[in-house]
Number of protein chains: 2
Amino acid sequence: MTVFKAPTRDTRFVVNELLQLESYGNLPGFAAATRDLTDTVIEEAGRFVGEVLAPLNQIGDREGCTRHADGSVTTPTGFKEAYAKYVESGWGTLAAPEVWGGQALPHVMSFMMEEYLCSANQAFAMYPGLANGAIAAIVAKGSPEQQATYLPNMVSGHWLGTMNLTEPHCGTDLGLIRTRAEPQSDGSYAITGTKIFISAGDHDLSENIIHLVLAKTPGAPESSKGISLFIVPKFLVEDDGSLGLRNSVSVGSIEHKMGINGNATCVMNYDEAKGWLVGEENKGLAAMFIMMNAARLGVGIQGLGQAEAAYQNAVVYALERRQGRALTGPAEPQQKADQIIVHPDVRRMLMDARTFIEGMRALCMWGALQVDLTHKAASEEQRQEADDLISLLTPVIKGYGTDMGYKTTTDMQQVWGGHGYIADNGMDQFVRDVRIAMIYEGANGVQAMDLAGRKLAQNGGRAVQRLFKLIDEECAEASDHAAVRLTAERLSEVNAELKAATMWFMHNAMANPDNLGAGAYAYMTLTGIASLGLMWLRMAKVSAAALAGGSDEPQFYESKLTCAKHWSLRFAPQAQALRREIEAGAETVMALPAEAFAAA
Amino acid sequence: MTVFKAPTRDTRFVVNELLQLESYGNLPGFAAATRDLTDTVIEEAGRFVGEVLAPLNQIGDREGCTRHADGSVTTPTGFKEAYAKYVESGWGTLAAPEVWGGQALPHVMSFMMEEYLCSANQAFAMYPGLANGAIAAIVAKGSPEQQATYLPNMVSGHWLGTMNLTEPHCGTDLGLIRTRAEPQSDGSYAITGTKIFISAGDHDLSENIIHLVLAKTPGAPESSKGISLFIVPKFLVEDDGSLGLRNSVSVGSIEHKMGINGNATCVMNYDEAKGWLVGEENKGLAAMFIMMNAARLGVGIQGLGQAEAAYQNAVVYALERRQGRALTGPAEPQQKADQIIVHPDVRRMLMDARTFIEGMRALCMWGALQVDLTHKAASEEQRQEADDLISLLTPVIKGYGTDMGYKTTTDMQQVWGGHGYIADNGMDQFVRDVRIAMIYEGANGVQAMDLAGRKLAQNGGRAVQRLFKLIDEECAEASDHAAVRLTAERLSEVNAELKAATMWFMHNAMANPDNLGAGAYAYMTLTGIASLGLMWLRMAKVSAAALAGGSDEPQFYESKLTCAKHWSLRFAPQAQALRREIEAGAETVMALPAEAFAAA
């Protein structure tokens with residue numbers, strides 16, 4: 001049986017000390033987020049996921065979801081009751097607009113909750129997680145009538161939602177979709193087609209499910225410029241808000257997957273199902289990206305959440321299991337062997353994990369703050385800066401965050417040795433569950449191209465220039481504390497590599513765009529290391545100041561300074577190798593003809 | 001349904017052109033290995049695994065093994081029949097001594113077969129694979145009587161064997177074992193205890209199973225100096241060689257694992273089972289290491305084998321699936337989308353895979369040759385050099401080979417996008433199956449310490465000095481061909497980093513052995529990159545010469561030169577980062593007190 005205890009102390013450090021959320025109190029929507037309130041919400045959220053959701057994680061993996069003969073779908077034992085408690089406590093309403101029943105707290109709070117949910121039970125977390133994307137699309141693009149019809153129940157959690165994009169023959173290339181939407185005389189559309197890989201496609205958790213479906217209207221252009229977004233509720237909603245007829249959407253099957261078994265990944269069949277256009281015809285891609293960007297940040301958080309849960313269980317084992325002796329001599333001579341945490345290679349894995357996890361938590365929460373500042377910062381300049389930064393870093397949070405989430409959960413499983421491979425111990429579930437995060441909502445290679453091929457060039461490179469400047473300023477302001485100085489030096493080196501790699505793209509991508517494609521992945525990783533470094537430099541400064549101020553938790557802040565140094569000594573050196581890989585360009589990558597692979 | 005076709009052309013390249021096996025014809029045991037014979041064996045082996053074993057791989061994963069009410073164990077559908085064919089064709093006898101019914105071919109041939117078996121069906125391959133370790137121990141340490149009693153049937157494959165080391169409370173630290181061996185009046189021992197994680201512990205494939213079991217005799221020292229090795233047959237063998245009574249060894253349960261479901265991983269209960277001492281009392285560790293070293297090379301080959309199988313399936317998908325357009329403009333404008341192999345990031349993964357796989361195949365086969373030369377080379381100096389090199393590189397082949405095997409199978413699954421996460425498509429099985437290879441026969445962190453803590457210092461560092469010299473000489477002799485020159489230059493840089501890291505250990509490990517422990521893993525990776533580079537430089541030279549000689553397979557050799565360049569541009573740059581990580585030492589790794597982890 002795995003353990004999980006929400007890392008509330010670290011979350012409070014990020015919210016209160018690193019981000020200083022209270023200092024934004026003058027901005028709309030921030031005033032309510034007093035330190036007292038956020039501290040309470042964080043602790044209550046931690047308690048909720050620990051008591052209600054974590055105990056269901058392994059059950060969900062073992063049981064999976066079931067599609068019954070009548071086509072209905074049930075979730076694993078306990079999920080329905082747990083979801084009812086989730087709704088009752090209003091956990092889904094944290095950052096939602098007040099007008100639809102939300103609490104309108106900063107996204108820092110909803111990201112915190114997403115992380116905790118993912119750590120405790122990723123398969124469960126995906127049910128409300130997907131609904132968040134659907135809500136975001138309706139908030140941004142729905143008509144006032146659609147908003148009034150769907151949002152109150154979706155925000156409260158009484159209804160859940162899905163995102164229906166993928167079809168058997170297309171996922172990334174949405175221009176190829178075949179699902180049709182025929183306009184009807186009543187203003188609705190008849191939706192017909194098959195969607196696959198639909199997370200939370202059907203289940204027994206909520207009264208209704210609001211599907212957001214990409215489809216093509218008659219005569220639409222044959223590309224992503226010809227797709228439209230539709231609302232297709234499982235049960236039609238009557239004018240008085242009550243549930244009416246069952247719509248003609250059904251579950252063809254539930255996929256048998258490597259992991260996230262507690263979430264029903266469905267093949268969805270739409271057979272002239274009744275749907276309503278969201279926004280304008282043929283403008284579905286823009287609406288889809290609203291869902292997608294929210295979802296991508298959420299998936300990055302899954303990498304973080306699973307890594308945290310796996311880390312906690314690795315620590316338990318490393319303190320419990322005794323094998324061999326410390327290299328410096330027996331640590332506990334009265335015992336037959338020392339705890340394996342004495343071994344430097346076990347520590348290396350734990351310290352790598354910790355440095356990633358705490359840095360990533362800071363990055364995600366800082367990202368959440370940018371999401372808020374995009375809309376709420378005082379000046380247009382500040383709003384634009386926040387928007388630039390979070391747009392640039394969304395693919396990095398998704399791609400680097402899930403790559404490292406997978407690496408970290410694998411390392412934590414490794415700490416358990418052979419016992420980590422045994423299913424009952426639960427370490428392999430973390431690896432299997434987090435694996436999907438590198439794939440869905442745009443495979444990480446797609447994220448890399450979003451970063452290097454789209455985000456980099458937008459507005460003449462304004463966003464990445466802002467990132468360079470932010471890092472340079474942060475490095476220049478480093479104090480004389482040894483750990484802070486080291487981190488600033490190494491971060492400055494990493495920033496130089498990132499600038500050089502960016503310059504190389506500018507000079508070489510025009511002549512041959514494959515040079516960009518071949519280096520995009522390394523560029524995403526390099527940006528991830530730099531972003532983590534920026535967080536570690538800031539955390540090191542805060543921690544050095546706390547210690548100088550005579551904190552009564554010196555170990556907490558000393559640990560932060562050690563992790564900042566660990567980033568400097570063990571993460572930062574990779575930057576140069578990545579820059580060299582980028583500068584290698586497309587030559588060897590694209591040299592062989594396609595047949596040379598088939599023949600191998 | 002996954003595909004697999006043994007890469008026989010590449011194996012023949014390694015055997016005939018790279019290693020030039022025929023040139024060793026003057027040495028004992030090599031004469032029979034003519035090119036005609038080895039080519040035939042390679043092709044037949046490829047045909048056998050492709051036709052008989054690969055089709056059972058997914059079945060084995062789905063069905064797993066079954067322990068019945070009477071304690072007997074059956075393997076998945078088809079395994080029994082396939083194993084009968086394996087025995088009938090004599091595939092297990094390739095490199096075994098002639099005196100016991102083997103063909104006494106060079107180990108290059110048996111390693112080839114191990115790779116093919118692992119690619120086709122890792123869970124199946126483990127049944128004869130574990131027996132190989134048991135055979136090696138009896139050949140090296142068994143009495144003439146034991147050898148005569150067990151080896152003929154084990155070599156033929158009519159009997160299989162196991163290695164019983166791990167107990168619930170100890171794996172790596174074998175000094176802690178509790179299984180007891182009480183001497184009996186007839187010269188046998190009564191073995192009592194519980195062993196766990198016993199691969200192929202019981203099954204229905206062979207008439208008998210010869211368990212090799214570590215246990216302690218009364219009064220034995222409380223450390224690894226007090227363990228002895230015993231032969232414990234499932235069925236006792238009568239004087240006339242027939243099978244007698246069932247021994248009191250039974251299967252407590254079959255573990256439920258992340259992968260390799262087709263192999264029965266058993267909890268074995270020994271209840272005063274009849275056993276016979278192998279070699280001397282309290283010298284079990286040395287005998288165990290004979291099994292272990294053979295097994296470790298075999299596990300490294302599992303990393304290679306799974307990567308090859310996953311690669312082939314990724315290529316199939318990359319040529320079949322169409323999404324998006326080439327960055328340089330539509331490759332097939334008449335189609336709605338291009339094959340995904342046009343995308344540089346898909347190619348990057350395929351080229352990384354290929355560069356690892358072909359380099360690793362060369363390294364494993366070259367390692368097999370060293371195994372033979374250790375015993376059969378003409379001079380003592382040559383025998384010692386071969387022994388030094390394979391001892392040094394065994395942990396590298398195991399550790400780096402399986403790390404990269406896992407990375408590669410994960411990348412190949414990534415090529416499949418969402419479809420790679422669906423169990424029926426089989427890509428996730430490669431990842432789950434290969435994952436164990438990083439753990440068993442000594443977790444990779446243990447391999448790293450075997451390399452940096454044991455092998456490096458033996459005989460005053462003679463082995464690593466030999467490796468440095470070998471690489472330096474190979475680089476110095478590089479021709480003027482551009483790809484060869486580039487590879488030599490980059491390999492020379494990597495060797496310089498490896499030398500610097502080795503020197504750093506020498507200067508810093510004495511003062512604090514944790515400095516060695518904290519850098520050991522990076523050192524193993526660095527040595528792996530250098531070893532792969534040595535192979536790529538040699539392969540590049542052979543290929544450049546073949547092209548200069550007017551080969552009628554120019555594409556094959558051009559591809560080799562491209563991969564050599566790919567190693568130079570994409571693998572070699574990591575060396576510097578690894579050296580910097582090593583030189584970071586133990587400081588941040590060991591800084592935090594153990595409680596600081598528990599509190600996190």
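Structure shown above.
All of these numbers come straight from a predicted model, not from anything done at the bench.

Visitor: Quick one: what's the story with the packing of aromatic side chains, residue by residue and with numbers?
Guide: Evaluation of the coordinates by the stated rule reveals 31 aromatic pairs over all chains. Taking 6.3 Å as the distance between ring centres and 50° as the angle between the ring planes, the aromatic pair formed by Tyr83(B) and Phe124(B) counts as tilted. Note that Tyr83(B) is positioned in helix 4 (residues 79–88) and Phe124(B) in helix 6 (residues 122–141), a separation of 41 residues in sequence. Among the aromatic side chains, those forming a connected cluster through ring pairs are Phe48(A), Phe79(A), Tyr83(A), Tyr86(A), Trp91(A) and Phe124(A). The ring of Phe289(A) carries the charged tip of Arg454(A) above its face, separated from the ring centre by 5.4 Å.

Visitor: Let's hear about the interface of chain A and chain B: which residues, and what values?
Guide: Between chain A and chain B, the residue contacts involve 95 residues of the former and 95 residues of the latter. For the chain A and chain B pair, buried surface summed over both sides reaches about 8,700 Å², with 59% attributable to carbon and sulfur atoms. Contact with chain B buries area across many residues of chain A, yet Tyr421(A), Arg570(A) and Phe597(A) alone supply 10% of it, more than any other trio. Counting across the interface, chain A meets chain B through six salt bridges. A salt bridge links Lys565(A) to Glu587(B), with the nearest nitrogen and oxygen atoms 2.3 Å apart. Here chain A and chain B share 46 residue pairs in polar contact (both at pLDDT 80 or more) between them.

Visitor: Before we move on, could you go through the side chain of Asn208(A) and cite the residues and values that matter?
Guide: All names here are of chain A. Looking at the secondary structure, you find Asn 208 in strand 6 (residues 208–215). A polar atom in the side chain of Asn 208 sits 2.8 Å from the backbone nitrogen of Phe 235. Ignoring any residue separated from it by four or fewer positions in sequence, one finds Asn 208 in contact with His 158, Trp 159, Leu 160, Pro 233, Lys 234, Phe 235, Val 237 and Leu 243.

Visitor: Break down the pattern of salt bridges for me, citing the residues and quoting the values.
Guide: Within the structure shown, the criterion is met by 76 salt bridges over all chains. Residue Arg454(A) is joined to Asp450(A) by a salt bridge in which the shortest nitrogen-to-oxygen separation is 2.7 Å. Of this pair, Arg454(A) and Asp450(A) both sit in helix 12 (residues 444–455), four residues apart, which is roughly one turn of that helix. The closest approach of N and O atoms between Lys195(B) and Glu167(B), which form a salt bridge, is 3.0 Å. Residue Lys195(B) is found in strand 5 (residues 189–199), and its partner Glu167(B) is found in the loop between strand 3 (159–164) and strand 4 (180–183); the two are separated by 28 residues along the sequence. Judged by its relative accessible area of 0%, Lys195(B) falls in the buried class. Assessed through its relative accessible area of 2%, Glu167(B) is described here as buried. In this structure, a network of salt bridges that share partners links the residues Asp10(A), Glu115(A), Glu308(A), Arg354(A), Glu358(A), Arg361(A) and Lys560(A).

Calculation notes
- Residues numbered from 1 in each chain as written.
- Chains lettered and ligands numbered in written order.
- Predicted model: local features only at pLDDT ≥ 70, side-chain atom pairs only at ≥ 80, totals over all residues.
- Heavy atoms only, no water.
- Phe/Tyr/Trp six-rings, centres within 6.5 Å; stacked < 30°, edge-to-face > 60°.
- Helix = DSSP H or I, 4+ residues; strand = E, 2+ residues; numbered from the N terminus.
- Lys NZ or Arg CZ within 6 Å of the ring centre and 35° of its normal.
- Contact = heavy atoms within 4.5 Å.
- Buried area = accessible area lost by both parts, 1.4 Å probe.
- Salt bridge = Lys/Arg side-chain N within 4 Å of Asp/Glu carboxyl O.
- Polar contact = N/O pair within 3.5 Å; in protein donor to acceptor, adjacent residues only side chain to side chain.
- Buried < 20%, exposed > 50% of the residue type's maximum accessible area, 1.4 Å probe, protein only.

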